[in-house]
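# Report on the structure
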There are 4 protein chains.
Amino acid sequence: MKSFNVGMVGYKFMGKAHSHAYKDMRMFFPQTAVPKMKLLCGRDVNGVSSAAEQFGWDGYVTDWRDLVSHPEIDIVDINAPSDAHKEIAIAAAKAGKHLFCEKPLALTLADAREMLQVAEEAGVKHMVGFNYRFAPAVQLAKKLVESGRLGDIYHFRAWFLQDWIVDPTFPLVWRLQKEIAGSGAHGDLGAHLIDLAHFLVGEMKEVIGMSETFVKERPMPTEMTGLSAKGSKDAPMGAVTVDDATLFMARFANGALGSFEASRFAPGHRCTNAFEINGSKGSVKFDFERLNELQVFFTSDDEDVQGFRRVLATDPPHAYMDAWWPTGHTIGYEHTFVHEVVELMTAIAEDRQPVPNFYDGVKCQEVLEAVDQSITERRWVSISDV
Amino acid sequence: MKSFNVGMVGYKFMGKAHSHAYKDMRMFFPQTAVPKMKLLCGRDVNGVSSAAEQFGWDGYVTDWRDLVSHPEIDIVDINAPSDAHKEIAIAAAKAGKHLFCEKPLALTLADAREMLQVAEEAGVKHMVGFNYRFAPAVQLAKKLVESGRLGDIYHFRAWFLQDWIVDPTFPLVWRLQKEIAGSGAHGDLGAHLIDLAHFLVGEMKEVIGMSETFVKERPMPTEMTGLSAKGSKDAPMGAVTVDDATLFMARFANGALGSFEASRFAPGHRCTNAFEINGSKGSVKFDFERLNELQVFFTSDDEDVQGFRRVLATDPPHAYMDAWWPTGHTIGYEHTFVHEVVELMTAIAEDRQPVPNFYDGVKCQEVLEAVDQSITERRWVSISDV
Amino acid sequence: MKSFNVGMVGYKFMGKAHSHAYKDMRMFFPQTAVPKMKLLCGRDVNGVSSAAEQFGWDGYVTDWRDLVSHPEIDIVDINAPSDAHKEIAIAAAKAGKHLFCEKPLALTLADAREMLQVAEEAGVKHMVGFNYRFAPAVQLAKKLVESGRLGDIYHFRAWFLQDWIVDPTFPLVWRLQKEIAGSGAHGDLGAHLIDLAHFLVGEMKEVIGMSETFVKERPMPTEMTGLSAKGSKDAPMGAVTVDDATLFMARFANGALGSFEASRFAPGHRCTNAFEINGSKGSVKFDFERLNELQVFFTSDDEDVQGFRRVLATDPPHAYMDAWWPTGHTIGYEHTFVHEVVELMTAIAEDRQPVPNFYDGVKCQEVLEAVDQSITERRWVSISDV
Amino acid sequence: MKSFNVGMVGYKFMGKAHSHAYKDMRMFFPQTAVPKMKLLCGRDVNGVSSAAEQFGWDGYVTDWRDLVSHPEIDIVDINAPSDAHKEIAIAAAKAGKHLFCEKPLALTLADAREMLQVAEEAGVKHMVGFNYRFAPAVQLAKKLVESGRLGDIYHFRAWFLQDWIVDPTFPLVWRLQKEIAGSGAHGDLGAHLIDLAHFLVGEMKEVIGMSETFVKERPMPTEMTGLSAKGSKDAPMGAVTVDDATLFMARFANGALGSFEASRFAPGHRCTNAFEINGSKGSVKFDFERLNELQVFFTSDDEDVQGFRRVLATDPPHAYMDAWWPTGHTIGYEHTFVHEVVELMTAIAEDRQPVPNFYDGVKCQEVLEAVDQSITERRWVSISDV
C-alpha cells in the first residue's frame, strides 16, 4: 500500500470538502493508497492555522510557492479562487507534482489549454473536480449507457437550478462580479451539467445559448463569508456583471439533442442538479436533491408493468457502496468528494491518469466559451471552432 | 346486444355517480349490454324531477314501491341512505329485480345476511358498490397477486385518511350520528379497505381493533347538502356518536398480516385510500389520490436496477383502458363506477353473478362487526364467531 | 337557460372526447346553457351512423356542407383531420355559425390568419381546442401568476414527452407524413406547450429551435385505427417526413426565458405534458400525468418550512371542481374537454368571445412557424417577423 | 474548549459509525468539546489492531476490563453485541466513566433498569444510541410538535420495513437466533420506531401486538461478516427463533392513537424507517430513505394552495446544518451519529445528562416487553404493568 503527501491551497467550502474526503478515504477506502494531509496553504495566517488544526493537516504555509516547491509534497490540491488556479497549477506541474484542481480549471479556455499542455509535458497526473460524476446513482447511469442497456441516446436534458439570489436585496458578492468569478450561473452551475453530458453522452458538435441578468444592480456587501454575505439597506449599489441564468441547446456528436439550463432564479430549488437521458431502450432520471436515487425505465419490461423504477443506489452492486453502510443507508453530498479522491489516489498508485482530468476540464471550457460566443453572436457555434 | 331497464333509488352524491356511469357505459362500453335509464326515485318531488331531467332519466317516482313493482324495470339500483337499503332490496328481489346496492349493504350483519339470502332465493343477480376494485391500477394489483407474480403474500397494510372534520366547529352532520350512519370512519372508509383486502389477499381469520372520537361534541348543523354543511357559532352542541378513527390488525387465512387504519383526522389527506402488499416475489403500492398509478416491485429484477416502478395503468394492457383514451391519458374517480356498471350489465347479460356481490357485502360486514366487538371486549375476535 | 344546437365534423379520438363533453356538460354544468347534440358528420356512412348512435347524436350527415348549411345548427364543431379545418370553418362562419375548432387551427399561419379574419368579419364566436388550459391545476397556476402571487416571472420551461414511436418497426402512420399532419412532435405536442406559455406567461418576442428525425424510414402501415396501427415485417419502407423531436428557446415580451421540448422519443413518458414557472415570489410545477396536482412554492413561507406544496386541485376553491365530486376525488383527461365546452357555451350565452379563440390559435401558429424558420435558417427569429 | 478521552468496545458496523462520528465532530463541530479517540477494544487482536489503525484510534486492548479501568478514559462507548452491554456498562459506571451505549440497552427490561440505576448512582452521564432522532428533518418534526404548530396530536403511524431476508435460502445468521439477538424485527427495527414515538409524541399507556415468523427454517450459515453471510445448499437447516415481523397498536398518554409495523419481509424496502404524525393544525411525514426531507402540512395555509410541503431540511434554520454545506447539499445516514456525539460531548461539557439517555432506553424496553407480553397473552397490556 502506497501513501502520498498532499499539499492543499484553499480552505473554505471546497477546502473543507477536500479535507474531509482525505480523512474519510483513509477510513473507508484504505486498500490502494493513503493520502497524507501534509500541508495547508492560505494567505491569512490566523485562518489557515486554525483551519489546519480543525481539519487535521500536519502543517501550514501562507505562500503557495512554499507548498509547490516543498520536496515532500506529492500532490498539489488547488481549490483557491478560480483566478489563481492557472499560476499555481503550472508551477506545481513544473515542480513535478501531481495536480488536483477544482473546476473551473481556469477563467478562459486558452488558460485551461495551457494548463493541460504543461501538465502533460511535465508527465504528472492531473485531475479536475467534477465531483457529481462520483455519486453512485450517476455511476449507475454511466454503466447503463455504456453497456448499451439504454440503447442509442436521443435526448439529454439537464438543469441546475438554485434560488439563493432571488431576493434583489441580496448583496453583490464576488460570485456576481465577472472579474473575479468569470461568469455566473453558466460557469458555476452549467459547467457541472456540461461535464455530466460529456461523461454520459459524449462530445457536442454545436451549441446555441441565451442568458439574462434579471437583477442588474445590488447593494455592495458589508461582510462576506463563503457563499453567504450580509448587506445593508444603506449600502451603495453596484452592477451585477455575470449571468443570473444561461440556457443552451446542443447537438451531440452521436446525434443526440441536448438542452441545458442553469439558473439562480428558480425559487424552491435549493440545489436541483438534475438530468434525464432518453435512449432507444430506456431512460434514466437523476436529481441531486435525491442523490441516492436513479429513476430507470426499460422498454423491454413486460408491457403491463412498465414504469420508471426508483433505484436506491445504496446496495453493494453500486459503485463505492460496499465501503460504506448496509443497503438502504444513504450517503450525502460530501461522499462524492471521497469517491473523487479515491479515484485520484488509485490512479496515481496505478500510474494512470485519473478521470476526469484536465482534458475533461478543457472540454468543458470549450463548451462554456462556445455558448458565450453563441450568445454574443446570436448564432450556432461549432465546438471545433472555439 | 341486450338492454336492461334501470330504476334507481337515490339521486345525491352516489346517485349522480351511478347516473353518469350508465351514460358513459353506453358510449364507451356498448358491446355487451346497454343500461336504459328508465326511472328515478326520490321522496322530494322537486328534487327528483329536476335530477331526473338533469341526469337524463326517462321518468321519476316519489315512492320506491312504485319503482320496485314497475313491470318494465329489470334492475333496481339502491343508493338511498344506508338505513333504507334492506327494505328496498328485499322488496325488489321478491319482485324479481336484479339488485345493485351501494355499500354498506345494511346497518347490521344480520340484515346484510338476510338480504343475501333473499336475493339468492329469488334467483336474481346482486351487486354491491365497492367501486375501488374497478380502478385499473387496482385490477393490475389483483392480476399480479392472482398470477403469482408477487409470490406468497406476507403483508397487507391499508389506510383511508381524510381531513374534512378536523375543524372542531364543523357541524354535527348525519354522518356523525350513529343512528343514521351506523358508524363513522370505520364503516364509511374502513369498509372499502376491508373489501380491497378481501379482493386482493382473501379472507381474514381474526381481528383486533381500537377506535376514538377525538371531538366529542359539535354544533348542530343549520343546513346540509351532500357531504357539506353549514354551521353557526350560536348553534347548540350535540354529541358525536360515531368513531373519528378506527384502527385494526388482522390475521389472514393465508397467513398474511394485515394492518388497517381509517381516520377523518389526518390533515393534508383529502382522500388517501391507500394500500401496500408485500409478497415473497414483490410488492405493490396504491394511493387513490394518484388513482392511475400502481407502484410495483419485483425481487427478480436485475440487482443493480431494483426499485419500485411507477406503472401508469393507462395503457391498453390494463383493464378497461382500451375503451377510453390513448395511453398516458388519465381517468378519474367516476370511471370506477363506469367499470362497475360494465361488470353489472355484462354479468346479467351473461347470466352469472356480478362481482363483488352481496356475498362480498356480507363478508365485509362480518369484519366490521368483528372489529367493533373486539373494541368493546378488548380482545381478538375470530371472524367465524360473528 | 339557453340551449344551442351543435353540429360536429369528425368522430374519432377528438370527436369522442367532444361528444362526451357535451353530454357531461348537460349533467354537471346545466346552469348557463345546454348543448344539444344535433348532427354528426363523417364521410363513411357506416362509421358515422354507428358513432352517432353510440355517442348520442340526434342524426348524421356524410357531407359537411349539409351540416354547415343546416338552418337549425348554431355551432359547428370541427375535429376532422387538420387539413380540412380551414374550408369547413370558413364556410361555417359565412353561414353564421359559431365555431369550435380543434388545434391546430390550420396547416399554415396564413390559413389560420384567414380563418380568424373571416370569423371576425362574420361576427361569430370562435374557439380553438387548447384543452389543457382547462385542467383545474392549470387554472390555479394561471390564478397565481395573474394575481401576482408568483411575482415577476423569470422562467418558463416546458416539455411534452411521449414514447409511442420509439420502436423503429412502428409503422409510418399518417401522423408521420408531413403532407397530412403538417408537422410531427412540434405541431402536435409543442403547440400545446406554446399555448400554455401564452396563457400563463404571455407573448414571446423571439425564438430559436432545433429538431431531429431519429428514425428516418419506417414500414408502411397495413392497417390503421386512430393513433394505433399494425405493421408487417415484409412491408415496404417509407420516409418519415416530420420531426420526431423539436426543441426551442424563447424570450418572452416580459423578459422571461422560455425553454420548450417536444419529443416522441422519450421512453417511459406516456404523456408527460409538463411545465414549470419560476417567479420572484414563487414557483409552480405541473405534469399532466398527475393532472390533479400543482406543485406550488412561495418564498414568503416561514424559512424553516419552505418547500414545494403538492396541491391537490380537487377542492371547491379550484375552478370547476364544485360541480364534480367531494374533495380529494380526482378527475381525468376528458374533464378538460367538459370545462372547455362549458366555456364555449357560457361565452355564447353571454355574447362574448370564448377563450382561447382563433386569435390564440393564430398566436400559436406564429410561434410554430417562427421556430420552423429558425431551424431552417439557423438563427433567432422574431415573432413579429413571421 | 474541553476534550474527553473515549474508549470504545466494538468495531464492526456500529463501531465504524461511531469512530467516524468522533472524527467528523472534531472537524465540523469543534466549538464545545473534542473527543479524543484513545482506546479501541475487541477480542480478536488482529481485527482490533487493524481497525484501530484504519479508524484512527491511538491504541487498542483485547479485554474490555482493561479499557474500563484505564485511568485516562473519560467515556466508555459500548457497541459490542447486545448481550455484552450490561456487564460492561455497569463496570464502567462503577469506574466513574461516562457511558454511551448502543441500543438496545440490554436484552431484558430488568437488565436495562439495573443499568440505569447503577449509572444514576454512579453519577455519570449516560446516553443510548437512538441515532434517528438526530436527522435534521426529525428535529424539525420535533420542533413543529413541541411548539404547537401541529396542534393536538391525533395519530402517530410508523413502519420500519426491510427486505434483506425475504429469500428463504438466506442463512440463519445470529440476528435470527433469539439467544443472541434477543428478538428479530421487533427489537431491531421496532425499537427505533418506539423511541421516535416517545421523542415526538410522548409516552404510551397501553399496547397490543401481533407477530409472525414467515420462514421458520433456514440453512445454517457457513460464513458471516457484519450483516451479510454466505450459505450453502447442502447446509443443515436450523430453526429461526425470532420474529420476521411485529405489528402493534398503542394508545398514547395524550390520547393519540399509534400504529407500528416492523418487518424484514417487505420487498422493495431497503430501509424504510418512516412515520407520519397528524395533529389538529397539521401533519408531518418522514422516510429515512429520503432522510433530508420532511413533508409538512398546515391547515392554516390559504385554502387554494394547501398541500404537503416537501421541506429539504438542509438550510441553516435546520438543526446542525449550519456546520455542514451550503443549502440544498444533502447529508447521509452517518451524519446522524455525528450529531449524536455532538450531543454527548456537549452534555458532558455542560455537566448535564445527554438526551436520549438510559431513561429513554428503559422506556423503549418497557414498550418492547409490553408488546411481547400482549402477543403471548393475546390482550392489551398497560405499560405501567410491565
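Calculation criteria
- Residues numbered from 1 in each chain as written.
- Chains lettered and ligands numbered in written order.
- Predicted model: local features only at pLDDT ≥ 70, side-chain atom pairs only at ≥ 80, totals over all residues.
- Least-squares fit on C-alpha atoms with pLDDT ≥ 70 in both.
- Contact = placed C-beta atoms within 7 Å.
- Buried ≥ 20, exposed ≤ 12 C-beta atoms within 10 Å, placed from the backbone.
- Helix = DSSP H or I, 4+ residues; strand = E, 2+ residues; numbered from the N terminus.
- Pairing = 2+ DSSP bridges.
- Nonpolar A, V, L, I, M, F, W, Y, C, P; charged D, E, K, R; others polar.
- Core = buried A, V, L, I, M, F, W, Y, C linked by C-beta atoms within 7 Å.
- Axes fitted to C-alpha atoms, helices over the stretch in contact; angles between N-to-C directions.
- Domains from an automatic or database assignment.
- Parallel < 35°, antiparallel > 145°, perpendicular 65-115°, else oblique.
- Left-handed = near helix turned anticlockwise from the far one by under 90°.

Chain A is annotated in an unreviewed UniProt entry as Dehydrogenase of Paenibacillus ferrarius.

## Let's talk about the relation of the copies chain A and chain C
Expressed as a screw operation, the relation of chain A to chain C combines 0.0 Å of axial shift with a rotation of 180°, fitting to an RMSD of 0.0 Å. Accordingly, the operation relating the two chain copies is best matched by a two-fold axis. Taking the C-alpha atom as reference, chain A places Arg379(A) closest to the rotation axis, 2.8 Å from it.

## Side note on the relation of the copies chain D and chain C
For the pair chain D and chain C, the best superposition has an RMSD of 0.0 Å and corresponds to a rotation of 180° with a translation of 0.0 Å parallel to the axis. When the interface residues of chain D are mapped onto chain C, 100% of them are again interface residues, pointing to one common binding face.

## Brief notes about the pairing of strand 7 (residues 153-161) of chain B
Residues and elements named next belong to chain B. Burial of strand 7 is extensive: nine of the nine residues sit out of reach of the surface. Pairing of strand 7 with strand 15 (residues 272-279) involves eight bridges; the strand directions are antiparallel. Its bridge partner lying in strand 15, Leu161 is registered against Thr272. Judged from the seven bridges that link them, strand 7 and strand 14 (residues 257-263) form a sheet pairing that is parallel. Bridged to Phe160 within strand 14 is Ala262.

## Some details on the environment of Ala51(A)
All names here are of chain A. Tracing the sequence through the fold places Ala51 in helix 2 (residues 45-55). As for Ala51 and Ser19, which are separated by 32 residues in sequence, their C-alpha atoms are 9.9 Å apart. Residues contacting Ala51, with those up to four places away along its chain left out, are Tyr11, Leu40 and Gly42.

## Section: the interface of chain A and chain C
A common way to express how large an interface is: the accessible area buried when the components associate. Contacts between the two partners involve 30 residues from chain A, matched on the other side by 30 residues from chain C. Every element with two or more residues in the side of chain A that touches chain C is listed here: strand 7 (153-161), strand 8 (204-212), strand 13 (245-252), strand 14 (257-263) and strand 16 (282-287) of chain A. Each residue belonging to the side of chain A that touches chain C can be placed in one class, and the counts come to 15 nonpolar, nine polar and six charged.

## Let's talk about the nonpolar core
Grouped burial of nonpolar side chains is what soluble globular proteins tend to show. The biggest cluster of nonpolar side chains holds 561 residues, and the ones touching the most others in it are Ala141(A), Ala141(B), Ala141(C) and Ala141(D). Apart from the residues within four sequence positions on either side, Ala141(C) is in contact with Leu200(C), Ile277(C), Val284(C), Phe286(C) and Leu294(C).

## Some points on the sheet that holds strand 6 (residues 126-128) of chain C
Residue and element names in this part refer to chain C. Read from one edge of the open sheet, six strands run 3-2-1-4-5-6, paired in parallel fashion. Edge positions in the sheet fall to strand 3 (59-61) and strand 6, since each has one partner strand and no second. Recorded for the sheet is a direction-independent mean angle of 25° between the axes of neighbouring strands. Note: strand 4 (residues 75-78) against strand 5 (residues 98-101), four bridges, orientation parallel. Across the sheet, residue Asp77 finds its bridge partner in strand 5, namely Phe100.

## Description of the interface of chain D and chain C
Contact residues are listed per partner, giving 15 residues for chain D and 15 residues for chain C. Counting residues per element, the side of chain D that touches chain C draws most heavily on strand 18 (residues 307-312) of chain D, at six residues. In terms of residue class, the side of chain D that touches chain C is built from seven nonpolar, three polar and five charged. Strand direction decides the pairing type here: strand 18 (residues 307-312) of chain C and strand 18 of chain D, joined by five bridges, are antiparallel. In the sheet register, Arg309(C) faces strand 18 of chain D, and the bridge partner there is Arg309(D).

## Some words on the domain arrangement of chain A
Residue and element names in this part refer to chain A. In terms of domains, chain A is made up of domain 1 (2-129) and domain 2 (136-290 + 292-331 + 364-377). Counting residues at the interface gives 13 residues for domain 1 and eleven residues for domain 2. Class assignment for the residues of the side of domain 1 that touches domain 2 results in nine nonpolar, one polar and three charged.

## Focus on the packing of helix 5 (residues 109-122) of chain A against helix 10 (residues 358-377) of chain A
All names here are of chain A. In contact at an axis separation of 9 Å, helix 5 and helix 10 are set at 165° when each is read in the N-to-C sense. Between helix 5 and helix 10, the crossing angle belongs to the class labelled roughly antiparallel. The way helix 5 lies across helix 10 gives a crossing that is left-handed. On helix 10, the residues that touch Leu109, Ala112, Arg113, Met115, Leu116 and Ala119 of helix 5 are Phe358, Tyr359, Gly361, Val362, Gln365, Glu366 and Glu369. Broken down by class, the residue content of the contact of helix 5 with helix 10 amounts to eight nonpolar, two polar and three charged.

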